Amino acid sequence: MDQSKEVNFVRITHELLNIEEVVQLVSCDDGGAVSSFIGTTRNNFQGKRVIELEYEAYETMAYKELEKICASIRMKWPVLKVALFHRLGVVPIGEASVIVAVSSVHRRESLEAVQYGIDELKRMVPIWKKEKYEEREVRIS
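What you see is a predicted model, and the numbers here were worked out from it, not measured in a lab. (Residues numbered from 1 in each chain as written. Predicted model: local features only at pLDDT ≥ 70, side-chain atom pairs only at ≥ 80, totals over all residues. Heavy atoms only, no water.)

J.: Before we move on, could you go through the layout of surface pockets and cite the residues and values that matter?
T.: Of the volumes computed, that of the largest pocket is approximately 460 Å³. When residues of the lining of the largest pocket are traced back to their parent elements, those giving at least two are β2 (33-40), β3 (44-45), β4 (48-57), β7 (96-104), α3 (107-124) and β8 (127-133). Among the residues making up the lining of the largest pocket, the classes are represented as 10 nonpolar, 7 polar and 4 charged. (1 Å grid on protein atoms, 1.4 Å probe; cavity = no way out; pocket = protein on both sides within 12 Å on 5 of 7 lines; lining within 4 Å. Points joined across faces, edges and corners; volume = space filled by probe spheres on them. Helix = DSSP H or I, 4+ residues; strand = E, 2+ residues; numbered from the N terminus. Nonpolar A, V, L, I, M, F, W, Y, C, P; charged D, E, K, R; others polar.)

Here's what the structure looks like:
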């Protein structure tokens, strides 16, 4: 694959994540597959009622780590386009906090790259989640 055509999209934003926009960004005529993962705020955690999540980040380092993940994905799979988006601030129940999307010629590469992308994002990127519960309890991870 011609490395000069590598296209990565990384974004950290306080705005609502637009799933259709991300899928459109990674879509291309050369590809036969677009795979994605969308992480949303659920209403419960370990039996507690969650009312919202709030994310904070060390943004400069987070962008660097997201770019490293994109590079690592490209070293492991022949993918076409990669998108890693994360939302900061308050993310209400049901809304997306993270999107990972990858296009490739065949499905296996994009599916495996998406799995790897979200796992590495959660492991490496300095973004912290604060869970707010109905009982006024807070958990930070």
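What follows picks up the thread again.
J.: Break down the sheet that holds β2 for me, citing the residues and quoting the values.
T.: With mixed pairing, the 4 strands of this open sheet are ordered in space as β1-β5-β7-β2. Strand pairing shows two members of the sheet lacking a second neighbour, β1 (7-13) and β2, which therefore form its edges. Taking each pair of neighbouring strands and ignoring which way they run, the sheet shows an average axis angle of 5°. Here β1 runs beside strand β5 (residues 79-87); their pairing, made up of 7 bridges, is parallel. Its bridge partner being in β5, threonine 13 is matched across the sheet by arginine 87. Seen against the sheet, helix α1 (residues 19-26) touches β1, β2, β5 and β7 and runs at an angle of roughly 155° to β5. (Pairing = 2+ DSSP bridges. Axes fitted to C-alpha atoms, helices over the stretch in contact; angles between N-to-C directions. Contact = heavy atoms within 4.5 Å.)

J.: Let's hear about the nonpolar core: which residues, and what values?
T.: The tendency in soluble globular proteins is for nonpolar side chains to be buried as a group. Counting residues in each nonpolar core, the largest one holds 28 residues, and the members touching the most others are Leu66, Ile73, Val79, Val82, Leu84 and Val125. Going through the elements one at a time, β1, β4, α2 (59-76), β5, β7, α3 and β8 are the ones with two or more residues in this core. (Core = buried A, V, L, I, M, F, W, Y, C linked by side-chain atoms within 4.5 Å. Buried < 20%, exposed > 50% of the residue type's maximum accessible area, 1.4 Å probe, protein only.)

J.: Would you mind going over the pattern of salt bridges in detail, with residue names and values included?
T.: Scanning the entire structure with this criterion turns up 9 salt bridges. Among the salt bridges present, the one from lysine 132 reaches glutamate 52, with a minimum N-O distance of 3.2 Å. Of this pair, lysine 132 sits in strand β8 while glutamate 52 sits in strand β4, placing them 80 residues apart in sequence. The partly exposed category is assigned to lysine 132, whose relative accessible area is 21%. For glutamate 54, the salt bridge identified is with lysine 132, shortest N-O distance 3.1 Å. With glutamate 54 in strand β4 and lysine 132 in strand β8, this residue pair connects regions lying 78 residues apart in the sequence. (Salt bridge = Lys/Arg side-chain N within 4 Å of Asp/Glu carboxyl O.)

J.: With reference to specific residues and values, describe the side chain of glutamate 109.
T.: By secondary structure assignment, the location of glutamate 109 is in helix α3. Although glutamate 109 lies buried, it forms no salt bridge, and the closest oppositely charged side chain, arginine 108, sits 6.4 Å away as judged by the N-O distance. Glutamate 109 has contacts with Trp77, Pro78, Val79 and Ser104, leaving out every residue within four places of it along the chain. (Lys, Arg positive; Asp, Glu negative; His and termini not counted.)

J.: Report on the packing of aromatic side chains, specifying residues and quantitative values.
T.: Following the criterion strictly, the structure yields 1 aromatic pair and no others. The cationic tip of lysine 48 hangs over the ring face of tyrosine 133; the distance from NZ or CZ to the ring centre is 5.1 Å. (Phe/Tyr/Trp six-rings, centres within 6.5 Å; stacked < 30°, edge-to-face > 60°. Lys NZ or Arg CZ within 6 Å of the ring centre and 35° of its normal.)

J.: Summarise unusual backbone geometry; cite the residues concerned and give the values.
T.: Of note in the backbone geometry, glutamine 46 takes a positive phi value of approximately 50° without being a glycine. Of note, glutamine 46 is situated in the loop between β3 and β4.

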